[in-house]
Amino acid sequence: MGNACPHRQTTAVTVPRVSPQEVQENGWVVIYGKVYNVHEYMAKHPGGRDLLLGVGGRDATVEFETMRHSDFAFAQLEKLFVGNYDASTHANAASESREHGMPKKLELTGGHLSRSTLEMHQMAWWDVAGRGFLPAFDPIKQLPPPWDHLSAVLQVLPAYAVQGRFPELAEAELKGRLPVTEDALDSLNEGELEALHSMLGYVCLGFINKIPEIYEDSSVDIIAGPRENLQELPSWLARPWISVSEKLGRRPMLDYAGCVLNNWERIDPEGPVTPSNVRLLRRFTGLVDEEWFFKTHIIIEAEGSHVVSSLEAISKAMASENWHNLLQALRSLEEALWRLTSVCLPIMFARSPEDRTLLCEPFLFYFRLRNYIKSLDVRMEGSDGELREFHLHGPSGAMSTILPSVDAALGIRNTSAELREAVKNFEMYVPRAHRDFLNKLRNAPQSVKTFIETRKGSMDENTWFAMAGAYNSCISRVLDFRWKHWSFVEQFIVRPSSSKTTTNMSACPVMDRSNGKGKGECKSQIVGTGGTTFDYLQQHITDSQRARIQIGSVADVMKTPELTPLTRGSTPLLPKMPLLESSLWDPTGRNGFATLRMANLPNWGPLFHAPLPGCSALLELASVIPTLCYTHPGLEHMENSSFAHPFVTKCEEKRLEIESLIKPSKDGTPAENLPVADLEQTWLVLTMVVAAYGSSRRPPMPKASSRCPAMAAKEGADVRRKEKDAELLPEWMLNIIKHLESLVGRQWSGAPGYSELILNNWCVPGLDKEQAEDFVISRDTIHLVRPCVRFLATPEEEWHRKFHLVLEAEGGRAISAATRTLMPAISTRDNNAIISALSQLAADIDSLCEFQRRQFEGKDSRGEAMLMQRLRSFVAAELLDEEYAVWVYTEGSSPLLPAMHAILGLKKLDGISGPLQEHWQTQGRRCMPKNHRLFLDGLEQSMSVRAYCLREWRCAPVERIAALEDSFNNCIEALLRYCSLRERLVNRMFSGTARIRQLSSEQEQVIRSGRMALLQMRRIADSRRMLLLKPPPI
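Residues numbered from 1 in each chain as written. Predicted model: local features only at pLDDT ≥ 70, side-chain atom pairs only at ≥ 80, totals over all residues. Heavy atoms only, no water.

1. So, the overall build of the protein chain
Part 1 of the argument: Along the protein chain, the regular secondary structure elements total 44 helices and 9 strands.
Part 2 of the argument: Out of the 1034 residues in the protein chain, the part that is buried amounts to 54%.
Part 3 of the argument: Sequence-distant contacts in the protein chain: of pairs separated by 6 or more residues, those separated by 24 or more amount to 78%. (Helix = DSSP H or I, 4+ residues; strand = E, 2+ residues; numbered from the N terminus. Buried < 20%, exposed > 50% of the residue type's maximum accessible area, 1.4 Å probe, protein only. Contact = heavy atoms within 4.5 Å.)

2. Structural notes on the nonpolar core
Part 1 of the argument: Ranked by size, the top nonpolar core spans 268 residues in total, and within it L233, L330, L410, I452, I625, F647 and I815 carry the most contacts.
Part 2 of the argument: Per-element accounting of this core gives the leading share, 18 residues, to helix 20 (residues 461–498).
Part 3 of the argument: Those residues in contact with I625, other than ones at most four positions away along the chain, are F647, M688, V689, A692, V789, R790, F791 and F874.
Part 4 of the argument: The next biggest cluster of nonpolar side chains, apart from the first, holds 11 residues, and it includes Y41, A60, F64 and L80. (Core = buried A, V, L, I, M, F, W, Y, C linked by side-chain atoms within 4.5 Å.)

3. A few points about the state of the cysteines
Part 1 of the argument: Applying the stated criterion across every chain, the model contains 0 disulfides.
Part 2 of the argument: Its sulfur unpaired, C763 is 4.2 Å from the next cysteine sulfur, which belongs to C788.
Part 3 of the argument: A relative accessible area of 19% places C763 in the buried class.
Part 4 of the argument: Given a relative accessible area of 24%, C788 falls into the partly exposed group. (Disulfide = S-S within 2.5 Å.)

4. Some words on the UniProt feature "binding site: heme b" (unreviewed entry) in the protein chain
Part 1 of the argument: When the UniProt feature table is mapped onto this chain, "binding site: heme b" (unreviewed entry) is found at H485.
Part 2 of the argument: With respect to the helices and strands, H485 occurs in helix 20.
Part 3 of the argument: For H485, a relative accessible area of 29% corresponds to the partly exposed category. (UniProt positions renumbered as here; feature names shortened; annotations may be inferred.)

5. Examining the pattern of salt bridges
Part 1 of the argument: Within the structure shown, the criterion is met by 38 salt bridges.
Part 2 of the argument: Note that R250 and E194 form a salt bridge whose closest N and O atoms lie 2.8 Å from each other. Of this pair, R250 sits in the loop between helix 11 (235–248) and helix 12 (256–261) while E194 sits in helix 10 (residues 190–208), and the two are 56 residues apart along the sequence. Residues R250 and E194 agree in their burial class; the two are buried.
Part 3 of the argument: A salt bridge links R239 to E381; the shortest N-O distance between them is 4.0 Å. Residue R239 is found in helix 11, and its partner E381 is found in strand 8 (residues 376–381); the two are separated by 142 residues along the sequence.
Part 4 of the argument: Look at E381 and you get partly exposed, because its relative accessible area is 23%. (Salt bridge = Lys/Arg side-chain N within 4 Å of Asp/Glu carboxyl O.)

6. Focus on the environment of Q550
Part 1 of the argument: Among the structural elements, Q550 can be located in the loop between helix 21 (535–546) and helix 22 (554–558).
Part 2 of the argument: Residue Q550 is classed as partly exposed on the basis of its relative accessible area of 45%.
Part 3 of the argument: Along the backbone, Q550 and A468 are 82 residues apart, and their C-alpha atoms lie at a distance of 8.4 Å.

7. Remarks on helix 17 (residues 417–426)
Part 1 of the argument: Residues of helix 17 that are buried: L419, A422 and F426. An end-on view of helix 17 places all buried positions within 60 degrees of arc, on one side of the element. (Arc of directions from axis to C-beta.)

8. Notes on the packing of helix 38 (residues 896–904) against helix 42 (residues 958–989)
Part 1 of the argument: Packing of helix 38 against helix 42 brings their axes to within 11 Å, and their N-to-C directions diverge by 160 degrees. With respect to helix 42, the element helix 38 is oriented roughly antiparallel. Here helix 38 and helix 42 pass one another in a crossing that is left-handed. For the pair formed by helix 38 and helix 42, the contact residues are L896, L897, M900, H901 and L904 on the first element and F968, C971, I972, L975, Y978 and C979 on the second.
Part 2 of the argument: Considered class by class, the residues forming the contact of helix 38 with helix 42 number 10 nonpolar, 1 polar and no charged. (Axes fitted to C-alpha atoms, helices over the stretch in contact; angles between N-to-C directions. Parallel < 35°, antiparallel > 145°, perpendicular 65-115°, else oblique. Left-handed = near helix turned anticlockwise from the far one by under 90°. Nonpolar A, V, L, I, M, F, W, Y, C, P; charged D, E, K, R; others polar.)

9. Brief notes about the pairing of strand 8
Part 1 of the argument: The side-chain alternation of strand 8 yields one buried face, formed by L376, V378 and M380, and one unburied face, formed by D377, R379 and E381.
Part 2 of the argument: Relative to strand 9 (residues 387–392), strand 8 runs antiparallel, the two sharing 6 bridges. Along strand 9, the bridge assignment pairs M380 with R388.
Part 3 of the argument: If you look at the hairpin formed by strand 8 and strand 9, you'll find 5 residues sitting between the two strands, and G385 has a positive phi there, around 80 degrees. (Pairing = 2+ DSSP bridges.)

10. Quick look at the sheet that holds strand 4 (residues 58–59)
Part 1 of the argument: Judged by pairing direction, the sheet is mixed, and its 5 strands sit side by side in the order 1-5-3-2-4 without closing on themselves. The outermost strands of the open sheet, each flanked by one partner alone, are strand 1 (17–18) and strand 4.
Part 2 of the argument: As paired elements, strand 2 (residues 29–31) and strand 4 share 2 bridges and run parallel to each other. Its bridge partner being in strand 4, V29 is matched across the sheet by R58.

11. Notes on the pairing of strand 5 (residues 81–85)
Part 1 of the argument: As judged from the 2 bridges shared by strand 1 and strand 5, these two strands associate in the parallel manner. In the sheet register, V18 faces strand 5, and the bridge partner there is Y85.
Part 2 of the argument: Note: strand 3 (residues 34–36) against strand 5, 3 bridges, orientation antiparallel. Of the residues in strand 5, the one forming a bridge with K34 is N84.

12. Brief notes about the side chain of H804
Part 1 of the argument: Here H804 shows up in helix 34 (residues 795–828).
Part 2 of the argument: The contacts of H804, once residues within four sequence positions are left out, are Y754, I758, E891, R982 and L985.

13. Quick look at the environment of A947
Part 1 of the argument: Relative to the helices and strands, A947 resides in helix 41 (residues 945–952).
Part 2 of the argument: As for A947 and I903, which are separated by 44 residues in sequence, their C-alpha atoms are 10.0 Å apart.

14. Remarks on helix 7 (residues 148–155)
Side chains three or four residues apart in an α-helix point the same way, a direct result of the helix having 3.6 residues per turn.
Part 1 of the argument: Regarding helix 7, the residues found buried are L150, S151, V153 and L154. Around the axis of helix 7, the buried residues are gathered within 165 degrees of arc, so they sit on the same side.
Part 2 of the argument: The inward-facing, buried residues of helix 7 abut helix 8 (157–161), helix 9 (166–174) and helix 10.

15. Here we look at the packing of aromatic side chains
Part 1 of the argument: Per the counting criterion, the structure on display carries 18 aromatic pairs.
Part 2 of the argument: Judged by centre distance (5.9 Å) and plane angle (90 degrees), the ring pair of F207 and W236 falls under edge-to-face. Taken together, the positions of F207 in helix 10 and W236 in helix 11 put the pair 29 residues apart, joining distant regions of the chain.
Part 3 of the argument: Relative accessible area serves as the criterion here: at 6%, F207 is assigned to the buried category. (Phe/Tyr/Trp six-rings, centres within 6.5 Å; stacked < 30°, edge-to-face > 60°.)

16. What to know about the packing of helix 13 (residues 288–319) against helix 14 (residues 323–344)
Part 1 of the argument: The geometry of helix 13 relative to helix 14 is characterised by a closest axis approach of 8 Å and an angle of 170 degrees between their N-to-C directions. Here helix 13 lies roughly antiparallel to helix 14, going by the angle between them.
Part 2 of the argument: Broken down by class, the residue content of the contact of helix 13 with helix 14 amounts to 16 nonpolar, 6 polar and 2 charged.

17. Considerations on unusual backbone geometry
Only a minority of non-glycine residues have a phi that is not negative, and only a minority of peptide bonds are not trans.
Part 1 of the argument: In the segment running from P145 into P146, the intervening peptide bond is cis, with an omega of 5 degrees.
Part 2 of the argument: You can see P146 is positioned in the loop between helix 6 (128–131) and helix 7.
Part 3 of the argument: A positive phi angle is found at Y32, which is not glycine, with a value near 55 degrees.
Part 4 of the argument: Mapped onto the secondary structure, Y32 falls in the loop between strand 2 and strand 3.
Part 5 of the argument: In this model, A793 sits at a positive phi of 55 degrees, which is unusual for a non-glycine residue.
Part 6 of the argument: Its place among the elements puts A793 in the loop between helix 33 (769–773) and helix 34.

18. As for the confidence of the model for the protein chain
Part 1 of the argument: Summing up the model confidence of the protein chain, the mean pLDDT is 79 and the portion of residues at 70 or higher is 77%.
Part 2 of the argument: Taken element by element, the protein chain is modelled with least confidence in helix 22, mean pLDDT 35, and with most confidence in helix 12, mean pLDDT 96.
Part 3 of the argument: Under a pLDDT of 50 for its full length, residues 91–105 has, in the predicted model, 9 contacts with residues more than four places off or in other chains.
Part 4 of the argument: In this model, residues 702–715 is a region of pLDDT below 50 whose contacts with residues beyond four sequence positions or in other chains number 10 contacts. (pLDDT = per-residue confidence, 0-100.)

19. Considering a negative patch on the surface
Part 1 of the argument: Taken together, the side chains of D768, E770, E773 and D774 define an acidic patch exposed on the protein surface.
Part 2 of the argument: Along the polypeptide, D774 turns up in the loop between helix 33 and helix 34.
Part 3 of the argument: Among the residues examined, D774 registers a relative accessible area of 52% and is labelled exposed. (Patch = residues over 30% accessible without salt bridge, like charges linked within 9 Å, V, L, I, M, F, W, Y side chains within 5 Å. Areas by Shrake-Rupley, 256 points an atom, 1.4 Å probe, with all protein chains shown as cover. Lys, Arg positive; Asp, Glu negative; His and termini not counted. Charge placed at Lys NZ, Arg CZ, Asp CG, Glu CD.)

20. With respect to the side chain of D480
Part 1 of the argument: If you trace the backbone, D480 turns up in helix 20.
Part 2 of the argument: Reaching out from D480, the side chain makes a polar contact with the side chain of R477 at a distance of 2.9 Å. (Polar contact = N/O pair within 3.5 Å; in protein donor to acceptor, adjacent residues only side chain to side chain.)

Structure (structure tokens):
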């Protein structure tokens, strides 16, 4: 009987299991071990059908994670579910696929094995055609005397380098023992010279470079005393290093050949060159990360031998006009390049089988190893005894000859002047045999691309299409390699380096930023170990894309459903920003979202001076709120009907004067004839007085347990407030509210709005007319600002208003500055202007974050919680705890957060279900000044940056896409930090409101889901594009 529940399932549901062969044959997609049929969803996919076609028939978990899909996307995915992926049939499926001519699984081959050491003295050290770019023999481990001292010193290099004592050791062990004349090199063969060049490189860099810093304050360094990098190398080290470098035709530096090509040995001398059978000969640290980083490059070079043999076969086939052999050689090249990308490059991100940690952690590479191998400037004495200045590039993957050789053979142009210059400089660090092979390809009569294009008319059509398709497949593999290499750069250089950068401390575009830094000053550029920036890498991806042979119409490829509505016309149609009817609430002005007016209104002054008697009466009442609107101990007066609250009595005394504001006449009421600034000031004071009046008459607030939260939430704060207004306020006061409410164009919500509490509630006493007209609110001038009306007259209340005035003023200026640049730039597709505007916006948001963070760190939070308790009866008496916290989190009716969402193209606040949605629908937008609503409407109706990027990612150059993605996502990250600090503020003020964390999490999830992976989208679409134009079979 205990199992009688009608909802209990007595039978298990069988989930189908799907084999890899079924996935491949049907073009299904595997995500997190589940199989999905996405064919019917392709036309609806926001990223376009190309992205789904690019991952069809395989596991797409990595791509899915990279795109950072929303909860809605996960819900859509469930509708496409086919079954669970059955990987156990993979081996059988693989063997069957080979029988049916399907691609075989790519694995490491171990490279072309080296020759025996008996042949070393009979053949050249480098045999590019036979071995690739690794030496023809395994590297030399031990040198003959007197160079054998180097090996002994290098064995303890890591231990002494970490102490900062390696220079001391090197001088004691090597000075006077190393020959300084060129004659001592004559007895060494090329392999020994290469080993000597590598050993001296390690010794000299260990001698020059200080240990990596781990302290920000060197005065507390307990590991080693501070030591700067040496600027000059002693002659007993410099002269041998320069001599061996000149003999090899290279620069005196530890280059790629020194730390990769000639720096390994096989554990099993007869085994293949694989990660488990290779170890480094020389190193700077004891980190496995260093071993794994260089080991990955060794494996790449070993497998790159197949690339070289394919290039040799291609050259021979073109020379003999043998089209069949050329087609086979191109297919062989594609497989070799695919192996480099799909098998070799992922080795860099391998994890330990013991604890699943990365074997090469990017942090340790950047902050512990990179210091030893980065580029440097040093003075050295040559064999002629002259002291020379050297600028030396550190070892870099750009010194590998694999990709330059492929570029030369296939005809991939290099349009970047910076890259051409870098390649020219790097070639001086490359072995002669490698340079000779590369020059042979560059000087060939024609590239593969030219060869195929010029034979279109003389070749059988089917053969030509097959040849062009094979060529384009090789280009796709080159792109795959370059995309993945760019991910290396991001992981190992860009991300670690960005963690050390600082942000501009000012968010104010109109303020002087010359305080210690020039306005145009920017953070130092990020460079690799070779000393070059990375912009050229993105440009070279674009060059590789342009190298494809055009088979079909580009227009046909780019004609996808999701692009159609975005590409009608030459430029996007942007709605014009509405004209503002007055300058008081001009969000594009110098005070951002705070009021743009004189710091001292001329008609308002001390001793209750105001433009009308009614205004003077309100000003007098407002001045006594802190004195009269106290809460009586025990609240005895609430039970005593004869008790006359002093503030209520004072208001009744001023009733006639206040009512005169709405007394009709032939010219309208006096309030209708007030200038806008005076009308807004009157409304400000009136709302404060009304709130104080209601607080004075309000009965004790019920305990939380006496009221059903669900019913209260269902009623809505707006409804509850209006009901209370009818109970607490006299009719004459309600009539005044309704009249002025219609004049200012904002809805009365039963309490002062954010515009009254913060945005217009400020003045600066003691300024003359000229100073008052030009006053700018900022963190540098906020100490001069005073609120016009107060409830509590406590330091916390002053701080709260000033704190948010700075955010609204500086944040509004940042939004305005971004809008002024972005809207015309989007219209004209000026990517540079868009990137610049987004970068500045991210810096400004970060500056606001830094301002908040410093305030939190320097201020006691206990008074803030008490402040919100005391203010509640004035501003949030009818709000539930959660609604009150939401009000603070969103800054009431501030347009700051909504404007950031609108510019970036994120979901509107009223589209986020829950308390945020309710607040924004019932209070937020309706309580805004009209000009703020118009400004926000204009932003939301315009093309957002996100929409623009989703249009441009297919057609813009890759380097522009990369910059757009980076600048956009930087804004997203900055906004996340801003919202995190808003949550921190709320938690300081409402320690018992746990739901605010969930609210903040929901808001942050909306923001985080707005991140874009444009480069990833472009790579997937690009790799699949040629399959959409599949040539006919041969």
